Amino acid sequence: MSDDGERAVSVIGFIGSVFSPWYRWSGRKVPQDHVCINVATYGPGGRFTMTDRGRSALRQTAARLEVGPSMMRWEGDHLAIDIDEISSPPLISRVRGQIRVIPSAITNVELALDPARSHIWRPFAPVARIEVEIDRPGWTWVGHGYFDANFGTRALEQDFTYWTWGRFPTPEGATCFYDAERMDGSVLAAGYSFDADGRAREVAMPPKTRLARSLWAVSRETRADPGYRPRQVKTMLDAPFYTRSAIRTQLDGVETVGVHEALDLRRFRNPLIKPMLALRVPRRRNWQFQEG
């Protein structure tokens, strides 16, 4: 998010694009044949890009993920993300530029989201600076950033019905909350506080507090001090089964604005959702890298 709160950007690299209808229709047998670098910009002139590409578009090393014309790569102390994508309807245009994520430190936290360890959350850099240069007016800015990863060997909707996640800046660094309802009726409730040196500690969970439903009526809740009513201050992504937004809450007596996500996997399992997604997630099976 930009320091002034007016703009934000999200970038997700997928090997096995979990929200792609094409991956679901393929039987999810070959994740490398459904790869994507999803870029979403929020604020004036915001765009959404999510192109499902085939295996010829994937090149990967220990320090680089390259998917078609875009890539993420470690350069010294920062993650450089080169973007060259086409946004989805109705605002079709090229989104090109570079984002640099500069962690204050790398953590060693790894959290299994289910007892079988089929789903893992790895918050690499909960505290970071971000520098954005996208070739559109007003899209050169700096702010605070975050970098994590999720790994899984099963589809999300096989094991979960609903989850929320939030990352909130604090005077010491950042606090993250992960809440999930599993298919077997058990729940996950995890909270971590991180300082600028990457040290992490589990925190007592403040009460769950309801937020207003999204435009698609997705149920939402987050964590907040007792008696405080969190509220949305910026809409980011609003889909029939998923929302991302900037939320103002209060933790340990301090108000903070962070990024919050809610995912309703009961809705995602609905087969009618997949054709709707196909309109926003084009499939581009063939890609040829230009050598030299």
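First, a word on what this report is: a plain description of the structure on this page. (Residues numbered from 1 in each chain as written. Predicted model: local features only at pLDDT ≥ 70, side-chain atom pairs only at ≥ 80, totals over all residues. Heavy atoms only, no water.)

Considerations on the nonpolar core
Piece 1. Core analysis: the biggest nonpolar cluster contains 37 residues, and Phe19, Leu113, Trp121, Trp163, Tyr178, Phe241 and Leu263 have the highest contact counts within it.
Piece 2. Apart from the residues lying within four places of it in its own chain, the contact partners of Trp121 are Val109, Glu110, Leu111, Leu113, Tyr146, Asp148, Ala149, Asn150, Trp165, Cys176, Tyr178 and Tyr192.
Piece 3. Ranked by size, the runner-up nonpolar core spans 22 residues in total, among them Val67, Val101, Ala125 and Val132. (Core = buried A, V, L, I, M, F, W, Y, C linked by side-chain atoms within 4.5 Å. Buried < 20%, exposed > 50% of the residue type's maximum accessible area, 1.4 Å probe, protein only. Contact = heavy atoms within 4.5 Å.)

Looking at the pattern of salt bridges
It is possible for side chains of opposite charge to pair when their charged atoms get near one another.
Piece 1. All chains considered together, the criterion is met by 23 salt bridges.
Piece 2. Salt-bridge contacts for Arg283 lead to Asp33; the nearest nitrogen and oxygen are separated by 3.3 Å. Of this pair, Arg283 sits in strand S22 (residues 283–284) while Asp33 sits in the loop between helix H1 (21–25) and strand S2 (35–42), placing them 250 residues apart in sequence. Each member of the pair, Arg283 together with Asp33, is buried.
Piece 3. Salt bridges here are not isolated pairs; linked through shared partners, they connect Asp33, Asp52, Arg55 and Arg283. (Salt bridge = Lys/Arg side-chain N within 4 Å of Asp/Glu carboxyl O. Helix = DSSP H or I, 4+ residues; strand = E, 2+ residues; numbered from the N terminus.)

Regarding unusual backbone geometry
Piece 1. Pro89 connects to Pro90 through a cis peptide bond whose omega is 10°.
Piece 2. Mapped onto the elements of the fold, Pro90 is located in the loop between strand S8 (78–86) and strand S9 (94–103).
Piece 3. At Ala217, a position not held by glycine, the phi torsion is positive, near 65°.
Piece 4. Relative to the elements of secondary structure, Ala217 occurs in the loop between strand S17 (208–211) and strand S18 (220–223).
Piece 5. For Ala217, a relative accessible area of 31% translates into the label partly exposed.

Overview of the sheet that holds strand S20 (residues 242–251)
Piece 1. Taken in spatial order, the 7 strands line up as S16-S15-S14-S13-S21-S20-S19 in an open sheet, and their pairing is antiparallel. Looking along the sheet, the strands with just one partner apiece sit at the ends: strand S16 (200–202) and strand S19 (231–238). Taken pair by pair, the neighbouring strands of this sheet meet at an average axis angle of 20°, ignoring direction.
Piece 2. When S19 meets S20, the two strands line up antiparallel, connected through 6 bridges. Paired with Leu237 across the two strands is Arg244, which belongs to S20. (Pairing = 2+ DSSP bridges. Axes fitted to C-alpha atoms, helices over the stretch in contact; angles between N-to-C directions.)

Details of the pairing of strand S21 (residues 254–264)
Piece 1. Counting buried residues along S21, 8 of its 11 residues qualify, which places the element largely inside the surrounding structure.
Piece 2. The pairing of strand S13 (residues 160–169) with S21 spans 6 bridges and is classified as antiparallel. Paired with Arg167 across the strands is Val259, a residue of S21.
Piece 3. Pairing between S20 and S21: 10 bridges, direction antiparallel. Looking across to S21, one finds that Thr249 is bridged to Thr256.
Piece 4. Counting the residues in the hairpin turn of S20 and S21 gives 2 residues, including Asp252, whose phi is positive at 50°.

Things to note about the environment of Arg201
Piece 1. Structurally, Arg201 can be placed in strand S16.
Piece 2. Put simply, Arg201 and Leu251 are 50 residues apart on the chain and 15 Å apart in space, counted from C-alpha to C-alpha.

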